[in-house]
Amino acid sequence: MLALAFVTAGCSRPSTLQEIRSEGVLHVITRNAPSVYFEGRDGPTGYDYELAQMFANDLGVELRIRVADDNTGVLSVIDQDYAHLGLAGLTSRPDFSGRYHTVSNGVEAESVVVYNRDTDRPESVKDLEGQTLHLVADSNHQHKLTQLQAENEGLKWEVHPGLDAAGILARVESGEYPLAIVSSNELDLNHVFFPMVKSAFSLGEPAELVWLFPGEQDESLARAAKEFISKLRESGALAQISERFYGHLDRLNYVGARTFVHHVENRLPKYEALFRDYASSYDIDWRLLAAIGYQESHWRPNAVSPTGVRGLMMLTRTTASHIGIKNRLDAEESIQGGAKYFTMVHRQVPERIPEPDRTWFALASYNVGWGHVEDARRLTEGAGKDPDRWMDVKEFLPLLTQKEWYSKTRFGYARGHEPVIYVQNIRRYYDVLAWMTEPTEIAEKPQEPWFQDLEGMERIIRPMDTLPQEETRAGLPGELGFVPPTL
């Protein structure tokens, strides 16, 4: 009807943006990756997904996600105009010119050469000659290698269509692949899971990752996306999303990661049932409660600090008395006390603060006390930043160690660096626990790539004379269903 109305009125064809608003749906094709999209404990998440959901909300339409096996699938769907937007975690490259409209998503990445730490570290591109580099399919890396091959004829690589970045890294971890290339942002998100993997050097300079829009679309949707992301950048909201996914990745080095995994396998089984039971009683994710316990004592029930805090959850005598814990060295009492106390400090955090920031504030309070967190929030607000955003407040907590700052606060001096490290560590421990304990579903693979089945089907973008009167867009084919994430 919209198409008929425009024709009757002698107007030009509706823009892509107009058609999306008319249908009320933004169709997005993506792939599973912690940097892009995955199904988390509380539903879909991922940097690009969160951004796309906010964009759809801004447009006043529904976000409808379909998941491809890999970048090849994402690009195929966009090439055939079966989606309005592709999220693939790629940077712009020469072969995209005229093929797609691109919009930067605010994250920079580069192609990084990685190797197993038991092998010799390559120092330059010359050191790669004669060895095989392993890559995911349709990545940025192959284009960079092709350019470098003009001056380095001995460069060789193998593309693995069935693997994602985590699959490549797992094989470097095991030693099956001595050398590989992955995107720096995906390495950052996955590195802690593969402590035997080391980065050698980058190929070229960092570049911004982009959203992909079909080249046959007009540019109205791409322009709207660019304006929307620009507004988020100016407001600081884009930096907040980035902090949520990337802000804690500097924690847990090689030694710490291997030690943690060892303790997950050897210590955690003794206490996992207790973490699960008491987390359930207080409506907490048991992996978060376990991560707090690891940060406090490395899951040692007899741990005692020089300041007198003790037990698996390292409760002070005052805290234990307040919450009714008699024996802090009893593992069950300690875990119950930790769950109860965390619930109490979580309730202190204003309800207007959304998750996950509310949990980060609660963790900081668990460590240093809500009074000091409030002091840091007041300093944050006084500096013109947002006291309800963890990414802003964590800049001001360390200032509580300096007299010129803590003298202006109600509760005075605090070792403000500690709660920042405390929160970042727990976030990283939680990441690993979630990865190690999440059940993995194996999806059956079709005999042929699923995107071949799209041949001959109607496009989302179609000539005006083929648009039926009752709709302006076609739905995506059913083959583009959910595929469980690898992490």
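The rules behind these values
Residues numbered from 1 in each chain as written. Predicted model: local features only at pLDDT ≥ 70, side-chain atom pairs only at ≥ 80, totals over all residues. Heavy atoms only, no water. Helix = DSSP H or I, 4+ residues; strand = E, 2+ residues; numbered from the N terminus. Buried < 20%, exposed > 50% of the residue type's maximum accessible area, 1.4 Å probe, protein only. Contact = heavy atoms within 4.5 Å. Areas by Shrake-Rupley, 256 points an atom, 1.4 Å probe, with all protein chains shown as cover. Expected span 1.5 Å × (residues − 1). Core = buried A, V, L, I, M, F, W, Y, C linked by side-chain atoms within 4.5 Å. Pairing = 2+ DSSP bridges. Salt bridge = Lys/Arg side-chain N within 4 Å of Asp/Glu carboxyl O.

Before we move on, can you summarise the overall build of the chain with the specific residues and values?
Within the chain, the regular secondary structure consists of 19 helices and 10 strands. Looking at the chain residue by residue over its 487 residues, the buried ones come to 53%. Once local pairs closer than 6 in sequence are excluded, the contacts in the chain between residues at least 24 apart make up 70%. A total accessible area of about 22,200 Å² is found for the chain, and carbon and sulfur atoms account for 46% of it.

How would you sum up helix H11 (residues 268-281)? Please name residues and give values.
Taking 1.5 Å of rise per residue, the 14 residues of H11 would be expected to cover 20 Å, and the 19 Å separating its terminal C-alpha atoms lies within 8% of that figure. Among the residues of H11, those classed as buried are Leu268, Tyr271, Leu274, Phe275, Tyr278 and Ala279. One or two positions beyond H11, positive phi appears at Asp283, with a value near 60°.

Please provide a residue-by-residue account of the nonpolar core, values included.
If you look at soluble globular proteins, the nonpolar side chains tend to sit buried side by side. In this structure, Phe275 and Trp299 are the most contacted members of the largest nonpolar core, which totals 56 residues. Sequence-distant contacts of Phe275, that is, excluding residues within four places in its chain, are made with Leu268, Trp286, Leu289, Ala290, Trp299, Leu312, Met313 and Ile335.

Before we move on, can you summarise the pairing of strand E1 (residues 25-31) with the specific residues and values?
The buried fraction of E1 is high, at 7 of 7 residues. Residues of E1 alternate between two faces, with Val25, His27, Ile29 and Arg31 on one and Leu26, Val28 and Thr30 on the opposite face, all of them buried. Bridge count between E1 and strand E4 (residues 62-68): 7 bridges; the pairing is parallel. By the bridge assignment for E4, Ile29 is matched with Arg66. Pairing analysis gives 3 bridges linking E1 to strand E5 (residues 85-91), with the strands arranged parallel. Paired with Ile29 across the strands is Gly86, a residue of E5.

Talk me through the pattern of salt bridges; I want residue IDs and the actual numbers.
Applying the stated criterion across every chain, the model contains 17 salt bridges. Between Glu395 and Lys385 there is a salt bridge; the shortest N-O distance is 2.9 Å. With a gap of 10 residues between them, Glu395 in helix H17 (residues 390-396) and Lys385 in the loop between helix H16 (370-382) and H17 connect regions that are remote in the sequence. Of the residues examined, Glu395 reaches a relative accessible area of 42% and is grouped as partly exposed.

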